[in-house]
Amino acid sequence: MTAFACEMPSRGMAGTLAARFASLVPVLTTDRLILRAPDITDFPAYAAITCSPRGQWLGTDMTREASWYDFAAMTANWMLRGHGLWAVETRADASLVGFVVLGFEPGDAEPELGFMFTKVGEGQGYAFEAASAARAHAFDTLNLPGLVSYIFAENKRSIALAERLGALLDGSLAYEGDDVPSLVYRHPKQGGAG
């Protein structure tokens, strides 16, 4: 995929200002992971997920351009809603292994806990660990009244993760233009597996 000029990090005062904004995003740590503000240099990994067959569960086939707008919107949620996208890296070597989001997009009925990981980041429990930390932040720090995950019925891995987190199936939600509704998994405020 060809990179766009907008993907290049800003320099000078613009870069300094971007870093100051990023420093306001809460950093969450777990035993093995750091959830931190996304950086423009994380975008290639985001696009590698969203523009590949791995991104099929996001509801639309994404081009690199559409992926850029999605990345920018998820990152902008921090400024607009006080929660948004975290980049997830390992504490051992700072490898980027995925992304977790507390999002609220058009069509969502309430805030969502979302997760997407690189192929290298799967199968090691990272998604569970990162999603648990983000969920705890949503309830314990932000005091969100509710949190759900919207998941396509065919996305068995994400359903298994939501259930491992203690989320319970609570109906479905049809987004405008989607042929298939998403299942709504409701996360408990207290208890559960997380």
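Preceding block: the structure.
Here's a quick rundown of the structure.

Conventions we followed
Positions within a chain are numbered from 1, following the residues in the order the chain's sequence is written. pLDDT decides what is reported in this predicted model: residues at 70 or higher carry local features, side-chain atom pairs at 80 or more are listed and counted, and totals for whole chains, interfaces and linings draw on all residues regardless. Values reported for side chains reflect all heavy atoms of the structure, with hydrogen atoms and water molecules removed beforehand. For each residue, the accessible area found with a 1.4 Å probe, counting protein chains only, is set against the maximum for its type, and the residue is called buried under 20%, exposed over 50%, and partly exposed in between. Helix and strand labels come from DSSP, where a helix needs a run of H or I of at least four residues and a strand needs a run of E of at least two; each type is numbered from the N terminus. Think of it as the arc spanned by the lines of direction from the helix axis to the C-beta atoms. Residues count as neighbours in contact if any of their non-hydrogen atoms are within 4.5 Å of one another. Any pair of Phe, Tyr and Trp rings, taking the six-membered ring for Trp, is counted once the centres come within 6.5 Å. Such a pair is stacked with planes under 30 degrees apart, edge-to-face with planes over 60 apart, and tilted for the rest. The rule is short: NZ of Lys or CZ of Arg within 6 Å of the ring centre and within 35 degrees of the ring normal puts a charge over the ring. Residues are said to line a cavity or pocket when one of their atoms sits within 4 Å of a point; the points come from a 1 Å grid over protein atoms alone, cavities being sets where a 1.4 Å probe fits but cannot get out and pockets being open sets with protein on both sides within 12 Å along at least five of seven lines. Grid points are joined across faces, edges and corners, and a volume is the space filled by probe spheres set on the points. When residues are sorted by character, Ala, Val, Leu, Ile, Met, Phe, Trp, Tyr, Cys and Pro go into the nonpolar class, Asp, Glu, Lys and Arg into the charged class, and all the rest, Gly among them, into the polar class.

1. Here we look at helix α2 (residues 43-50)
Residues spaced three or four apart along an α-helix point in a common direction, a consequence of the helix completing one turn every 3.6 residues. Looking only at α2, the buried set comprises Phe43, Tyr46, Ala47, Ile49 and Thr50. Around the axis of α2, the buried residues are gathered within 160° of arc, so they sit on the same side. Taken together, the buried residues of α2 touch α3 (64-81), β3 (85-90), β4 (96-103) and β5 (112-117).

2. Quick notes on the packing of aromatic side chains
Taken as a whole, this structure holds six aromatic pairs when the rule is applied. Each ring, one from Trp78 and one from Trp86, has its centre 5.0 Å from the other, and the planes form 75°; the classification is edge-to-face. By relative accessible area, Trp86 is classed as buried at 0%. Ring pairing ties together the aromatic residues Phe43, Tyr46, Trp68, Phe71 and Phe99, which thus form one cluster. Arg164 extends its terminal NZ or CZ atom over the ring of Phe128, reaching a point 3.9 Å from the ring centre.

3. Some remarks on the layout of surface pockets
Here the second largest pocket is characterised by a volume of approximately 720 Å³. Lining the second largest pocket are 23 residues; nearest its centre among them are Ala18, Phe21, Ala22, Pro38 and Thr75. Secondary-structure elements contributing two or more residues to the lining of the second largest pocket are α1 (12-22) and α3. Looking at the lining of the second largest pocket residue by residue, the class counts come to 18 nonpolar, four polar and one charged.

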